[in-house]
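# Overview (structure and organization)
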Amino acid sequence: KFSPRAVSMCPDSNWNLLGKFQAAELREMEVRLPSGELKAAPNSPVKSMDSFSNVIIAATCDAQVRLYSKPSGGSKILRAPASVLRQRSRLNLVKFSREGSNFFIVSNRIGVWDTRSLKSIRHMEVEDTHSCFRVRKNNSGKDSILAGTAKGSCKLWDHLSSASAACLSFEGHSKQVTKITCLEGDNNLFVSSSRDGRALLWDVRKNGEPVHTMVGHESWITDHRIFYCGDDPYLVCGSDDWTSTVWNLSNGSLCCTYYGHTSPVCSLAVCSSDPEEGPVIASGDCTGSIQLWRATLGDVYTSGATLESLSLRTRGDPVLKVECQGSKPLIACHSSNTVASWELCGSEGDLSANCKAYLDLSLHFTACKVDYATNFVYSGCANGNVVAWSLAEGMCSL
C-alpha cells in the first residue's frame, strides 16, 4: 500500500483540502490485454502518455511502452502494467488513434500498432527526430498523421491503411517544431509553433507557403491552444519570453499580449470563450504561478497592462500542465509532486476561482494526461509508475 502525504496550505492561503486520498496498488485489470514482449517493473521516467476509454498508454525513457487499464474504483497507483513492449530506439511520443483501435509509437520511425492484439501494423521510416505529433482526420474520414520535426518541418502521412502512405512536407520553421494542432472546423487547416518564436497556419491542400505567419515572441513558443468565439478561430500562444499572445487565425493579426508572468510560460488552457465577455485563458509558468486572464479580440491591439487577470496561489513548483474543458474544473499538475483542482466561479464577468482539492505526494511527475471523458487525471512519474486520480468522487481523491 502507498500512503501519500496530504498537506494543506498555510491559513492565509485560499487552498482547501477536501477528504483524504487513499491509493493502493492496482491488482485487477478491467481489460485483459495480451502480454507483451517484456514484463518488468518500471524504473525509468515516463516521457509521454495518452488514454482512450479505459486504456492508458505510457512511454518511458528506457524505450518501453506500457499499457494499463483504468482502475474500476477510485484513485490508484498503477504499478503493474497489463502489457509491456520494448522498443529498439529511444521513444519520443505515444498517441492513440481517434477511435482508440490503434496507437502510434514515435521514435526515429513511426509505428502503428493494434491496441487489442499489440501487433505491429506498419512502420514508416523517417529522416528526422519528431518532437510533436497529432492524429488528424483526413477528407475521407480516416486517420492521418501530422508530425513536427527537430529541424523545423511538418510531415503529413495520409491514407495510413494503404500499402504506402505518401508523405507531404511543410517547410516554414527554422527550428524545432514544439506543437501541432488541427482546426476543428476544417480538416485541411493546422497550426504549428516552433522554437523560432513563430506560429504558422497551414493548409494541406497548399503544399508550400503557410497561410499566415504569426510573429510576436522574442523566444520559443512552449504551448499553444486553438479556440473559437462564435465561428471565428483564434490562437493563444505561451512563450519562453514570459508572455502570452492571442491571434486571429482568420487574418493572422495579433489581438492582445499578456505580460503577467515572471518566468517562462509552460502550459495553456482555454477556460471559456464567451464572445461578449471575452475568452478566459489559464497559463502556468516555471515558478508555479497560474494566471487567469481575459483576452480581448477586437480589431485594436490591447497590451497586457489593461487586461483583467487573477493570480492563483501555488507552491512554487513548475507547472507541467493546465487543462480545462467547458464547465469542468481547471486541473493543474506541477512537475514536482502536486495536483490541484480549481473551480471557476466568477459571476457578472468577474474572474474568480476556488481551489477544490490539493495533494502533495512523495512523487515526481514527468507527464500528465487529463481525461474528462472518463473523469480521471493520469500522472506519469519519474520512477515509471502511473498515478490515476479520480475526478468522479467530488475531487476528494486529489
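Just so we're clear, the structure is a prediction, and the values are computed from it rather than from any experiment.

### Some points on the sheet that holds strand β5 (residues 83–86)
The strand order across the open sheet formed by four strands is β1-β2-β3-β5, and the pairing between neighbours is antiparallel. Strands with a single pairing partner mark the edges of an open sheet, and in this sheet they are β1 (46–52) and β5. Within this sheet the neighbouring strands show an average axis-to-axis angle of 15°, counted without direction. Sheet topology note: the strand β3 (residues 64–69)/β5 ladder contains four bridges and is antiparallel.

### Description of the pairing of strand β12 (residues 153–157)
Burial runs high along β12: four of the five residues are buried. Sheet topology places strand β11 (residues 143–149) next to β12; four bridges connect them, and they run antiparallel. Directly across from glycine 148, in β12, lies its bridge partner cysteine 154. Two successive antiparallel strands, β11 and β12, enclose a turn made up of three residues, where glycine 152 displays a positive phi of approximately 110°.

### As for the pairing of strand β32 (residues 386–390)
Counting buried positions over the five residues of β32 gives five, a clear majority of the element. The alternating pattern of β32 places Val386, Ala388 and Ser390 on one face and Val387 and Trp389 on the opposite face, and all of these are buried. Two elements, strand β4 (residues 76–78) and β32, share three bridges in a ladder whose sense is antiparallel. Of the residues in β32, the one forming a bridge with isoleucine 77 is valine 387. The pairing of strand β31 (residues 376–381) with β32 spans five bridges and is antiparallel. Following the sheet pairing, serine 379 is matched in β32 by valine 387.

### Details of the sheet that holds strand β18 (residues 221–229)
Taking strand neighbours across the sheet as the criterion, the four strands line up as β18-β19-β20-β21 in an open arrangement whose pairing is antiparallel. The sheet is open, and its two edges are formed by β18 and β21 (253–258), each paired on a single side. Pairs of neighbouring strands in the sheet enclose a mean axial angle of 20°, with direction left out of account. One ladder, built from five bridges, connects strand β19 (residues 232–239) with strand β20 (residues 244–248); its direction is antiparallel. From the neighbouring strand, leucine 235 faces β20, where its bridge partner is tryptophan 247.

### Re unusual backbone geometry
In this structure, alanine 63 is a non-glycine residue whose phi angle is positive, near 65°. Residue asparagine 375 is not a glycine yet carries a positive backbone phi of 60°.

### Things to note about the nonpolar core
One finds Cys271, Ile290, Leu292, Leu312, Val322, Leu330 and Trp342 to be the most contacted residues of the largest nonpolar core, which totals 17 residues. In contact with valine 322, other than residues within four places in its own chain, are Arg225, Ser267, Leu268, Ala269, Ala282, Gly284, Ile290, Leu330, Ile331 and Ala332.

### Remarks on the packing of aromatic side chains
Tallied over the entire structure, the rule returns 11 aromatic pairs. With a centroid separation of 5.7 Å and 55° between ring planes, the pair formed by phenylalanine 104 and phenylalanine 133 is classed as tilted. Residue phenylalanine 104 is located in strand β7 (residues 102–106), and its partner phenylalanine 133 is located in strand β10 (residues 130–137); the two are separated by 29 residues in the primary sequence. Like phenylalanine 104, the residue phenylalanine 133 is buried in the burial classification. Within the aromatic cluster, the residues linked to one another by ring pairs are Phe52, Phe96, Phe103 and Trp113. The ring of tryptophan 220 carries arginine 195 above its face, with NZ or CZ at 3.9 Å from the centroid.

Conventions adopted
Residues numbered from 1 in each chain as written. Predicted model: local features only at pLDDT ≥ 70, side-chain atom pairs only at ≥ 80, totals over all residues. Heavy atoms only, no water. Pairing = 2+ DSSP bridges. Helix = DSSP H or I, 4+ residues; strand = E, 2+ residues; numbered from the N terminus. Axes fitted to C-alpha atoms, helices over the stretch in contact; angles between N-to-C directions. Buried < 20%, exposed > 50% of the residue type's maximum accessible area, 1.4 Å probe, protein only. Core = buried A, V, L, I, M, F, W, Y, C linked by side-chain atoms within 4.5 Å. Contact = heavy atoms within 4.5 Å. Phe/Tyr/Trp six-rings, centres within 6.5 Å; stacked < 30°, edge-to-face > 60°. Lys NZ or Arg CZ within 6 Å of the ring centre and 35° of its normal.

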